[in-house]
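# Examining the three-dimensional arrangement
In case you want the letters, here they are:
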Amino acid sequence: MELGIIAGSGIYAMQGFHIKEEREIVTPFGEPSDRYRIVEIEGIVTAFLNRHGPSHIIPPHMINYRANIWGFKELGVERIISISAVGGIADNMNPGDIVLPDQIIDITSGRSSTFYDGPEVVHIDFTEPYCLEMRDAIIKAGLKAGVLLIDKGTYICTNGPRLESRAEIKAYRALGAHVVGMTGMPEACLSRELGLCFAGLSVITNYAAGIGKARLTTTEVLETMRGSTSRLKSLLKEACLLIPQKRSCACKDVLKEAKMSD
Ligand SMILES: [Zn+2]
């Protein structure tokens, strides 16, 4: 298994990719959100997981992130692309745009966000939260597929499930956040802890609170996400061809100098 794809709101089945097999996995951390669906994209065997479970029944704060990421590792996946719906905060972030974030701010709470609860103490390097090699390949994939991509941006992860207040978004903007979502963390750091490469593809489905004039609705989120499906698929197909077979990034070696305990 070479690639893992986590799909979020509005993009559940990735229609058009032929499902070869379904794998049900139970991990030491419990059950993942759904069965992993094995598809082949441009010859690359890919495990596909619905983050919110079958028919969107698991809210962001209740997702078993550890089980989801562990399941990929167990399937032999080395790289994960995480697709999510986000709200646009910065001026150049408009509904329908696809963003490849390069930084992340985590303000979630109460989530199990590490595999190391002791006695083994591990502090992974998270200076670059997203795999640089994957980012590079996805940027090239965007150019090749003719899919417009905003190739950097800071993703701030809130706990949800409620949306944000106008003052919160103003504060996040001042902190340097460009988009706001509810699932980017702990997916990114859990992947890093297992030595997996991780990249995010965030579709801006709406303006964040106080940025646009209209009240935010989930209908808007789902419709914009659906409208982005074909662009996402072209991007994924091209990325599958461009992501190098062999990893030469630092992700796989992250644990070498991260352990504090013996
Ligand atoms: Zn990597």
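One can find the structure itself at the top, above this paragraph.
Below or above, wherever it landed, is the structure these notes cover. This one's a predicted model, so the numbers in the text were calculated from it and none came from an experiment.

Procedures and definitions
- Residues numbered from 1 in each chain as written.
- Predicted model: local features only at pLDDT ≥ 70, side-chain atom pairs only at ≥ 80, totals over all residues.
- Heavy atoms only, no water.
- Helix = DSSP H or I, 4+ residues; strand = E, 2+ residues; numbered from the N terminus.
- Rg over C-alpha atoms; globule rule 2.2 N^0.38 Å.
- Buried < 20%, exposed > 50% of the residue type's maximum accessible area, 1.4 Å probe, protein only.
- Contact = heavy atoms within 4.5 Å.
- Areas by Shrake-Rupley, 256 points an atom, 1.4 Å probe, with all protein chains shown as cover.
- Lys, Arg positive; Asp, Glu negative; His and termini not counted.
- Charge placed at Lys NZ, Arg CZ, Asp CG, Glu CD.
- Phe/Tyr/Trp six-rings, centres within 6.5 Å; stacked < 30°, edge-to-face > 60°.
- Lys NZ or Arg CZ within 6 Å of the ring centre and 35° of its normal.
- Axes fitted to C-alpha atoms, helices over the stretch in contact; angles between N-to-C directions.
- Parallel < 35°, antiparallel > 145°, perpendicular 65-115°, else oblique.
- Left-handed = near helix turned anticlockwise from the far one by under 90°.
- Core = buried A, V, L, I, M, F, W, Y, C linked by side-chain atoms within 4.5 Å.
- Donors = N, O, S within 2.8 Å, 3.2 Å for Na, K, Ca; no water.
- Tetrahedral: all angles 85-135°; square planar, octahedral: opposite > 155°, others 65-115°.

On to the overall build of the chain, then. Secondary structure assignment for the chain yields five helices and 10 strands. Its C-alpha atoms give the chain a radius of gyration of 17 Å, near enough to 18 Å, the size a compact globule of 262 residues would have. Split into buried and exposed, the 262 residues of the chain put 53% on the buried side. The long-range share in the chain, meaning contacts at least 24 apart out of those at least 6 apart in sequence, stands at 82%. As displayed, the chain has an accessible area near 12000 Å², and 52% of this comes from carbon and sulfur atoms. The centroid of the 29 positive side-chain charges in the chain is displaced by 4 Å from the centroid of its 31 negative side-chain charges.

Another point: the packing of aromatic side chains. Tallying each qualifying case throughout the model produces five aromatic pairs. Here the aromatic residues F29, W70 and F115 are joined through ring pairs into a cluster of three or more. Over the ring of F17 we find K233, and its NZ or CZ is 5.2 Å from the ring centre.

Turning our attention to the packing of helix α1 (residues 65-74) against helix α4 (residues 184-193). Between α1 and α4, whose axes approach to 9 Å, the crossing angle comes to 40°. Looking at the two axes, α1 sits oblique to α4. In this structure, the crossing between α1 and α4 has a hand that is right-handed. In this structure, α1 uses Y65, R66 and I69 to contact α4, whose residues at the interface are M185, P186, E187, L190 and S191.

Right, let's talk about α4 for a bit. Counting buried positions over the 10 residues of α4 gives 10, a clear majority of the element. Among all positions of α4, only G184, M185, P186, E187, A188, C189, L190, S191, R192 and E193 are buried. Here the buried face of α4 lies against β1 (3-7), α1, β5 (79-88), β7 (103-106), β8 (154-157) and β10 (197-207). One or two positions beyond α4, positive phi appears at G195, with a value near 75°.

Below, the discussion takes up the nonpolar core. Judged by nonpolar contacts, the single largest core of 38 residues is most densely connected at I69, F72 and I80. Put simply, the parts of the chain that give this core at least two residues each are β3 (36-41), β4 (44-50), α1, β5, β8, α4 and β10. The dominant element in this core, judged by the number of residues it contributes, is α4, at four residues. Beyond its immediate chain neighbours, meaning those up to four positions away, I69 contacts I6, I80, F115, E187, L190, S191, L194 and L196. Judged by nonpolar contacts, the second largest core, of 32 residues, contains A7, I98, C197 and L236.

Bringing the coordination of the zinc ion into the picture now. Taken together, C131 (SG), C197 (SG), C249 (SG) and C251 (SG) make up the full set of protein donors to the zinc ion, lying 2.2 to 2.3 Å away. Bound by four donor atoms, the zinc ion shows angles of 94 to 115° at the metal and therefore tetrahedral coordination geometry. Of note, the zinc ion draws all its donor residues from one chain, in the sequence arrangement C-x65-C-x51-C-x1-C. In this structure, C249 and C251 share a single accessibility class: buried.

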